[in-house]
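The chain contents come next:
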Amino acid sequence: MDEFEPQIIAFCCNWCTYAAADLAGTSRVHYPANVRIVRLMCSGMVDPMYVLKAFEGGADGVLVAGCHLVDCHYIDGPEKCDAMFAKLSKMMHVLGLEDERLRREMISTSEGTVFARVVKEFVDQLKKLGPSPFSSLRKEKVAV
Amino acid sequence: MEEVKIGVYICHCGLNIAGVVNVEEVARYAGTLPNVVVSRDYRYMCSDPGQDLIKNDIKELGINRVVVASCSPRMHEPTFRKACQDGGLNPYLYEQANIREHCSWVHDDKTINTKKSKDLVRAAVKRVYYHEPLEVKEAPVNPNVLVVGGGIAGMQAALDIANGEHKVYLVEKDPSIGGHMIQLDRTFPTLDCSECILTPKMADVGHHAFIELLAYSEVEEVSGAIGQFKVKVRKKARYIDESKCVGCGVCEEKCPWKTDSEFEMGLAKRKAIYIPFAQAIPNLPVVDPDLCAYIQSDGKKCGACIKLCEAEAITPETLLNQMDQIVEFDVGSIIVATGYDQFDPSVIPQYGYGKYDNVLTGLHFERITCAAGPTGGKVLLKDGREPESVAIVHCVGSRDQNYHEYCSRVCCMYGLKYAHLIKELSKADVYEFYIDMRCFGEGFEEFYKRLSEEGINFIRGKVAKITDQAITEEEKGKLVVVAEDTLLGKMIRVPADMVILCAALEARSDADKVASLFALNRRADGFFLERHVKLDPVATPTDGVFIAGCCEGPRDIPDTVAQAEATAAKALSLISKGTITLEAAISHVDETVCHGCGRCEEICTFHAPKVISKDGVMVSEVNETLCKGCGACAVVCPTGAISIKHFTQEEILAQVGALTEVQ
């Protein structure tokens, strides 16, 4: 049987973490291909619904990442994101999901290597955790 | 709604993508997705023929949505949006899948990359389906410019813009403009006197009809965006009446209270009321309130300056009651040129800086060789003796994993300059300890060559420690520089009377505060981040805010001036165009769903939404020029009435849903 390859959906803010992932690219810093990035303008734009949608679709992990507190293009987006994230984290066990499947990071534009490291760590962590209880939903749904 | 017809274009980017992604297979797959009417792959989509593919398909096949899978949208989204527009399509009916930076450049398995590329393309196709045409609005650009920092970078930028007859507000935190450059003695490699070349520029700045100089002032608040920033500046109290002061200097002469002079790096004293240096612009004194006995005693002691000021610029009123002033104005663009701090070598205890009197930094030595400096330009030790030998230590805090990994770029050259000046001004032997000699600029290598014939002892090796523990007769009463001579392959001990540490240039200690004020990003080394390291070196991720000089990283005077001129050109081109395009992807309220609860108003940092009464119903209304499109309001809206155009819930959910599907 093939080794379990977790699927990660990453919500990244345009100004910092998306740019950090770009920098990892331009610097050719390799990391596992398990992550799919959704570009949002700000980490404060991450609606809990988006995270739930990713888990519902069977994603094994969700990464919410944006600017550090002082770097925000919109001044205080990370604080807003933190507030949303705190509420969301409390819901994880209600959904029957392990807390470790949801991860919050602050990664600035210059931290391409940090982005790569975070993805690698998250993949390793999810491999230990095994597939999401909802991942069977993903297998049943065939893309067209 | 008209039928959605999507065109998908997979870029090879030469071999950057095609080398590790099966682009033909991705294009074939894209062709099977719903609503996709055409799917192509092409070698370089950003080239003219590549863009023509899109334009032709819009005209001939009637496609009304476009997806390009290529590099990062941060790179070419504007290019392809423009191609759509040129083809007659609203530019917002476009979506980009990043299969280069986020795929082909970071993973190497072709099968996995091809699968990931398909996922990203599928998500983009599902999302672009919901894109709607957005109206692009323009707003006027305020032609005034704010320049922050009155060093050589800020002055040059201010002069270039003011010479074009546009108003510049130049804000400097110190009592005088001039920055670090005015502290320097001579400049490498030409050895022309720094003051001589800088003071005419300072005078120009001081007198320019289009420059409003706000010295001894700090920017406190910035709001708004490109074209229309609102700025609040705190003009600190000098405790004198600026309108009456003639700058005669009698107050300073007669003031009895002394402390170390910041300008002279503590090598000389200044008074409680002082003009920081002779050529200061503006030529106005400033009172140090912590040192002034009159202020400290609440008017009971001293008051010498009040009695002696013939112009009546100093009065009990100015000394006791003058307050900081808040100055407010509007500008269209901002140039940040806040410079650098010199690294504090006392954090390297083995170098003895702060412990031994004659271990100095570069800036101290600049003051020592300066004819107008504390020693009258003579190379003297703290006790007034002439040194018999001087050691110059390169890379103190630079190129050192414990402190700063980067090279400070100016130290090799100023170290060589010191060696030359010591030879010129004294009889001392000179020992120069270096790791590598980096002499890369115009005339630099020639200067190094010239010096190698002046009898200077060059020692290749990093200094381990500086001590006063003598082990031989010769070392007694001297400092001893202990280093490895890597060319000889052995440890050496060099006795020296004076040691000059070529301390690194580092980011300002308040760089974090300045960064958050102007929404700048900082690199890992602490300096401000440019928008693109090669192709956009003076712009920042914040539109309308530019950076020049050492606040972006260590550089020498010619590079700083060139960069300052570049920022002025950027500001002038904005002014010349006269308008900017407003963000179109902003909040939108569906009034039929809005309850007017006001959660959006509470969370918005920019005060864009306001709950108002419309025909007796409370609803939220968004001010389109204030809204930045951050999306915080949409997250908290309990009814889903607010959405962010181009980032609607429908779009993001479609994208996320598509990503979790199985091929």
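Predicted model only: the values in this text are computed from it and were never measured.

Enquirer: Is there a simple way to think about the overall build of chain A in this case?
Expert: In terms of helices and strands, chain A carries five helices and four strands. Walking chain A from its N terminus toward its C terminus, one meets helices and strands in the order β-α-β-α-β-α-β-α-α. Relative to its length of 144 residues, chain A is compact, with a C-alpha radius of gyration of 15 Å against a globular reference of 15 Å. Oriented by its inertia axes, the alpha-carbon framework of chain A measures out at about 45 × 35 × 30 Å. Burial analysis of chain A (144 residues in total) assigns 58% to the buried set.

Enquirer: Quick question: what am I supposed to make of the overall build of chain B here?
Expert: The number of helices and strands found in chain B is 20 helices and 34 strands. Viewed in the frame of its principal axes, chain B has a C-alpha envelope of about 90 × 70 × 40 Å. For chain B, with 663 residues in total, the buried portion stands at 56%. Across chain B, contacts joining residues at least 24 apart in sequence account for 67% of those joining residues at least 6 apart. Total accessible area computed for chain B in this model is approximately 28,100 Å², and 50% of it derives from carbon and sulfur atoms. Taken together, the 72 basic and 94 acidic charged side chains of chain B have centroids lying 2 Å from each other.

Enquirer: Hey, could you run me through the pairing of strand β12 (residues 228-235) of chain B in this one?
Expert: The side chains of a regular strand alternate between the sheet's two faces. Residue and element names in this part refer to chain B. Along β12, the buried face is formed by Phe229, Val231, Val233 and Lys235; none of Gln228, Lys230, Lys232 and Arg234, which line the opposite face, is buried. Here strand β11 (residues 217-225) folds back onto β12 in antiparallel fashion, the turn holding two residues, of which Gly227 has a positive phi close to 90°. Strand direction decides the pairing type here: β12 and strand β17 (residues 325-331), joined by seven bridges, are antiparallel. Paired with Phe229 across the two strands is Val331, which belongs to β17.

Enquirer: Just checking my understanding: could you explain the environment of Gly150 of chain B for this structure?
Expert: Residues and elements named next belong to chain B. Relative to the elements of secondary structure, Gly150 occurs in the loop between β6 (145-148) and α7 (152-163). Looking at Gly150, the relative accessible area reads 0%, which means it is buried. Residues Gly150 and Met202, 52 residues apart in the sequence, show an inter-C-alpha distance of 9.0 Å. Beyond its immediate stretch of four places on either side in the chain, Gly150 contacts Met155, Leu170, Val171, Glu172, Ile177, Gly178 and Gly179.

Enquirer: Is there a simple way to explain the packing of aromatic side chains in this structure?
Expert: Two aromatic rings, taken as a pair, are described by how far apart their centres are and by the angle between their planes. Applying the stated criterion to the full structure yields 15 aromatic pairs over all chains. The structure contains a cluster of three or more aromatic residues connected by ring pairs, namely Phe188, Phe440 and Phe444 of chain B. For Arg28 of chain A, the ring lying beneath its charged end belongs to Trp105 of chain B, and the centroid distance is 3.7 Å. Above the face of the Tyr274 of chain B ring, Arg270 of chain B is positioned so that its terminal group lies 4.0 Å from the ring centre.

Enquirer: Help me out: how do you make sense of the sheet that holds strand β23 (residues 457-460) of chain B in this one?
Expert: Paired through their backbone hydrogen bonds, the strands of a sheet run either parallel or antiparallel. Residue and element names in this part refer to chain B. Pairing within the open sheet is parallel, and its five strands lie in the order β20-β27-β21-β22-β23. The open sheet terminates on both sides in strands that have one partner only, identified here as β20 (359-361) and β23. Each neighbouring strand pair of the sheet contributes to a mean axis angle of 20°, computed without reference to strand direction. Strand contacts of helix α13 (residues 362-369): β20 and β27 (498-503), with the helix running at about 90° to β20, the strand carrying the most contacts.

Enquirer: When you look at the packing of helix α6 (residues 110-128) of chain B against helix α20 (residues 649-659) of chain B in this model, what are you seeing that I'm missing?
Expert: The axes of two packed helices give the description: the angle between them and the distance between them. Residue and element names in this part refer to chain B. Running from amino to carboxyl end, α6 crosses α20 at an angle of 150°, the nearest separation of the two axes being 8 Å. In terms of orientation, α6 lies roughly antiparallel with respect to α20. Where α6 crosses over α20, the two elements pack in a sense that is right-handed. Residues Asp119, Leu120, Arg122, Ala123, Lys126 and Arg127 of α6 touch α20, and the partners they reach there are Glu651, Ile652, Ala654, Gln655, Ala658 and Leu659. Looking at side-chain class alone, the contact of α6 with α20 contains six nonpolar, one polar and five charged residues.

Enquirer: It is not clear to me how the pattern of salt bridges should be interpreted in this structure. Could you clarify?
Expert: Proximity of charged atoms lets side chains of opposite charge pair with each other. Using the criterion set out here, one finds 62 salt bridges over all chains in the structure. Where Glu424 of chain B meets Arg186 of chain B, a salt bridge forms, and the shortest distance between an N and an O atom there is 3.3 Å. With a gap of 238 residues between them, Glu424 of chain B in helix α14 (residues 411-425) and Arg186 of chain B in strand β8 (residues 186-187) connect regions that are remote in the sequence. Residue class for Arg186 of chain B comes out buried when judged on its relative accessible area of 18%. Taken together, the salt bridges that share partners define one network made up of Arg36 of chain A together with Lys115, Asp119, Arg122, Lys126 and Glu661 of chain B.

Enquirer: Would you take a moment to explain the interface of chain A and chain B for this structure?
Expert: Much of the literature gives interface size as the accessible area that the parts lose upon coming together. Residue-level contacts link 54 residues of chain A with 57 residues of chain B. Across the chain A/chain B interface, buried area totals approximately 4,600 Å², and carbon plus sulfur atoms make up 61% of it. Residues Asp119 of chain B and Arg36 of chain A are paired through a salt bridge, measuring 2.9 Å at the closest nitrogen-oxygen approach. For the pair chain A and chain B, the interface holds 17 residue pairs in polar contact (both at pLDDT 80 or more). Put simply, the parts of the chain that give the side of chain A that touches chain B at least two residues each are β1 (8-13), α1 (17-26), β2 (35-40), α2 (48-56), α3 (77-91) and α5 (135-140) of chain A. A per-element tally of the side of chain A that touches chain B places α1 of chain A first, with seven residues. Residues that form the side of chain A that touches chain B fall into these classes: 32 nonpolar, ten polar and twelve charged.

Enquirer: Before we go on, may I ask you to explain the side chain of Lys235 of chain B in this structure?
Expert: Residues and elements named next belong to chain B. Mapped onto the elements, Lys235 comes out in strand β12. Overall, Lys235 belongs to the buried group, its relative accessible area being 16%. When neighbours within four sequence positions are excluded, Lys235 is seen to be in contact with Leu214, Ala215, Tyr216, Ser217, Glu242, Asp324, Gln325 and Val327.

Enquirer: Would you explain the confidence of the model for chain A in this entry?
Expert: One rule of thumb: low pLDDT means the predicted coordinates there are not for detailed reading. Confidence in the prediction for chain A averages 91 pLDDT; 93% of positions are at 70 or higher. Looking across chain A, the model is least confident in α5 of chain A, with a mean pLDDT of 66, and most confident in β2 of chain A, with 98.

Enquirer: Can you walk me through α3 of chain A in this structure?
Expert: In an α-helix, one full turn covers 3.6 residues, which means residues spaced three or four apart are oriented alike. Its 15 residues give α3 of chain A an end-to-end C-alpha distance of 22 Å, which sits within 8% of 21 Å, the value for a rise of 1.5 Å per residue. Buried-residue contacts for α3 of chain A involve α2, β3 (61-66) and β4 (102-106) of chain A together with α18 (599-603) and α19 (632-636) of chain B.

Calculation rules
Residues numbered from 1 in each chain as written. Chains lettered and ligands numbered in written order. Predicted model: local features only at pLDDT ≥ 70, side-chain atom pairs only at ≥ 80, totals over all residues. Heavy atoms only, no water. Helix = DSSP H or I, 4+ residues; strand = E, 2+ residues; numbered from the N terminus. Rg over C-alpha atoms; globule rule 2.2 N^0.38 Å. Buried < 20%, exposed > 50% of the residue type's maximum accessible area, 1.4 Å probe, protein only. Contact = heavy atoms within 4.5 Å. Areas by Shrake-Rupley, 256 points an atom, 1.4 Å probe, with all protein chains shown as cover. Lys, Arg positive; Asp, Glu negative; His and termini not counted. Charge placed at Lys NZ, Arg CZ, Asp CG, Glu CD. Pairing = 2+ DSSP bridges. Phe/Tyr/Trp six-rings, centres within 6.5 Å; stacked < 30°, edge-to-face > 60°. Lys NZ or Arg CZ within 6 Å of the ring centre and 35° of its normal. Axes fitted to C-alpha atoms, helices over the stretch in contact; angles between N-to-C directions. Parallel < 35°, antiparallel > 145°, perpendicular 65-115°, else oblique. Left-handed = near helix turned anticlockwise from the far one by under 90°. Nonpolar A, V, L, I, M, F, W, Y, C, P; charged D, E, K, R; others polar. Salt bridge = Lys/Arg side-chain N within 4 Å of Asp/Glu carboxyl O. Buried area = accessible area lost by both parts, 1.4 Å probe. Polar contact = N/O pair within 3.5 Å; in protein donor to acceptor, adjacent residues only side chain to side chain. pLDDT = per-residue confidence, 0-100. Expected span 1.5 Å × (residues − 1).

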